[in-house]
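For reference, the chains in residue letters:
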Amino acid sequence: MSDRDKQMTAYAAEAKVWTRLAGLLPSPDDVEMIQGCWDIGEQEAGLWQLVEKLLEQGVGVDGFTRAEIAAMAVQWDVWDQYGDDIVALPEDPARPGPLRVYADMEPVEEGERLLVPWMRCLPCDRILTRSHERASWGMLHCPSGFVVTARGEAPLVFDNEEPGAVWTALAAVSATCRAPGDG
């Protein structure tokens, strides 16, 4: 599969997630507004609207859905703006799910990398971190990918340059504990 085909496949898969996330809102007008943002390429604005509407209306989300919203925010480079609000979304008491998303974990220096713990699967204790590489010209750490760690297993590394890397990393952290019907 060519790089272009991989990008198109990843984009189509992400569009399905977007539509499902928009469908969380009870009002058809809100769903249409969020979907419209995707359709015109305004994902950043659509994410802001989605998160604001979910908070405003008190719509509960399960742990996996919160993780998908977080992944979407990283994908569209708005996690730094919306991360705290995504973490604060009300939980669906009927389906809490095994995943937890964190916005304020302390980063860990690992050589030239800075690892920021981001998600954790509670039952299996898999951790998904955002990886940042030190820029050659200074102290700035540039996003480079994701690392999934689990006790007794080799870390799984997903490069940001690969289409759909955040979604592949999310699948890896949640694969063993996902409830049927999630995602």
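Right, let's walk through the structure included here. The structure presented is a predicted model; accordingly, all values stated were derived computationally and were not measured.

### As for the pattern of salt bridges
Evaluated as defined, the whole model comprises eight salt bridges. Close ionic contact of arginine 113 with glutamate 110 constitutes a salt bridge, the shortest N to O distance being 2.3 Å. Because the salt bridges share partners, they merge into one network encompassing Arg120, Asp125 and Arg151.

### A short note on helix 4 (residues 63-75)
Every α-helix winds through 3.6 residues per turn, so residues three or four apart in the chain are directed the same way. Counted at 1.5 Å a residue, the expected span for helix 4 with its 13 residues is 18 Å, and the 18 Å between its end C-alpha atoms agrees. Burial analysis of helix 4 places twelve of its 13 residues in the buried class, the great majority of the element. Within the span of helix 4, buried status applies to Gly63, Phe64, Thr65, Arg66, Ala67, Glu68, Ile69, Ala70, Ala71, Met72, Ala73 and Val74. If you check the start of helix 4, you find a side-chain oxygen 2.9 Å away from the backbone N of phenylalanine 64, and it comes from aspartate 62. Directly after helix 4, the chain includes aspartate 77, whose backbone phi takes a positive value near 60°.

### Focus on the pairing of strand 4 (residues 126-134)
The pairing of strand 3 (residues 113-121) with strand 4 spans eight bridges and is antiparallel. The residue bridging cysteine 121 from the neighbouring strand is arginine 126, located in strand 4. Count of turn residues in the strand 3/strand 4 antiparallel hairpin: four residues, of which aspartate 125 carries a positive phi of about 60°.

### Here's the deal with helix 3 (residues 43-57)
Under the 1.5 Å per step criterion, the end-to-end length of helix 3 is 21 Å for 15 residues, consistent within 8% with the ideal 21 Å. Buried within helix 3 we find Gln43, Gly46, Leu47, Gln49, Leu50, Val51, Lys53 and Leu54.

### As for the nonpolar core
If you look at the biggest cluster of nonpolar residues, it comprises 44 residues, and the most contacted ones within it are Ile86, Trp118, Phe146 and Leu170. With eight residues, the top contributor of residues to this core is helix 4. Excluding residues that lie within four positions of it along the chain, isoleucine 86 makes contacts with Val51, Arg66, Ile69, Ala70, Ala73 and Trp79.

### Brief notes about the state of the cysteines
In total, this model carries zero disulfides according to the counting rule given. Distance from the sulfur of cysteine 124, which forms no disulfide, to the nearest cysteine sulfur (cysteine 121) is 3.5 Å. Accessibility expressed as a relative area gives 26% for cysteine 124, which makes it partly exposed.

### A look at the packing of aromatic side chains
Overall, the coordinates contain five aromatic pairs when judged by the stated rule. Summarising the aromatic geometry, the rings of tryptophan 38 and tryptophan 76 are spaced 6.1 Å apart at their centres and angled 90° between planes, so their arrangement reads as edge-to-face. One end of the pair, tryptophan 38, is in helix 2 (residues 28-39); the other, tryptophan 76, is in the loop between helix 4 and helix 5 (79-87), and 38 residues separate them in sequence. With relative accessibility at 7%, the residue tryptophan 38 sits in the buried group. The structure contains a cluster of three or more aromatic residues connected by ring pairs, namely Tyr11, Trp18, Trp38 and Trp76.

### Observations regarding a negative patch on the surface
Residues Asp3, Glu133, Asp159, Glu161 and Glu162 make up a contiguous surface patch of negative charge. Assignment of secondary structure puts aspartate 159 in strand 6 (residues 156-159). With relative accessibility at 41%, the residue aspartate 159 sits in the partly exposed group.

### Let's talk about the environment of valine 108
Its location among the elements puts valine 108 in strand 2 (residues 108-110). Residue valine 108 is classed as partly exposed on the basis of its relative accessible area of 45%. When near neighbours in sequence (up to four residues on either side) are disregarded, valine 108 contacts Arg113, Leu114 and Leu115.

Here is what the cut-offs are and how they apply
- Residues numbered from 1 in each chain as written.
- Predicted model: local features only at pLDDT ≥ 70, side-chain atom pairs only at ≥ 80, totals over all residues.
- Heavy atoms only, no water.
- Salt bridge = Lys/Arg side-chain N within 4 Å of Asp/Glu carboxyl O.
- Helix = DSSP H or I, 4+ residues; strand = E, 2+ residues; numbered from the N terminus.
- Expected span 1.5 Å × (residues − 1).
- Buried < 20%, exposed > 50% of the residue type's maximum accessible area, 1.4 Å probe, protein only.
- Polar contact = N/O pair within 3.5 Å; in protein donor to acceptor, adjacent residues only side chain to side chain.
- Pairing = 2+ DSSP bridges.
- Core = buried A, V, L, I, M, F, W, Y, C linked by side-chain atoms within 4.5 Å.
- Contact = heavy atoms within 4.5 Å.
- Disulfide = S-S within 2.5 Å.
- Phe/Tyr/Trp six-rings, centres within 6.5 Å; stacked < 30°, edge-to-face > 60°.
- Patch = residues over 30% accessible without salt bridge, like charges linked within 9 Å, V, L, I, M, F, W, Y side chains within 5 Å.
- Areas by Shrake-Rupley, 256 points an atom, 1.4 Å probe, with all protein chains shown as cover.
- Lys, Arg positive; Asp, Glu negative; His and termini not counted.
- Charge placed at Lys NZ, Arg CZ, Asp CG, Glu CD.

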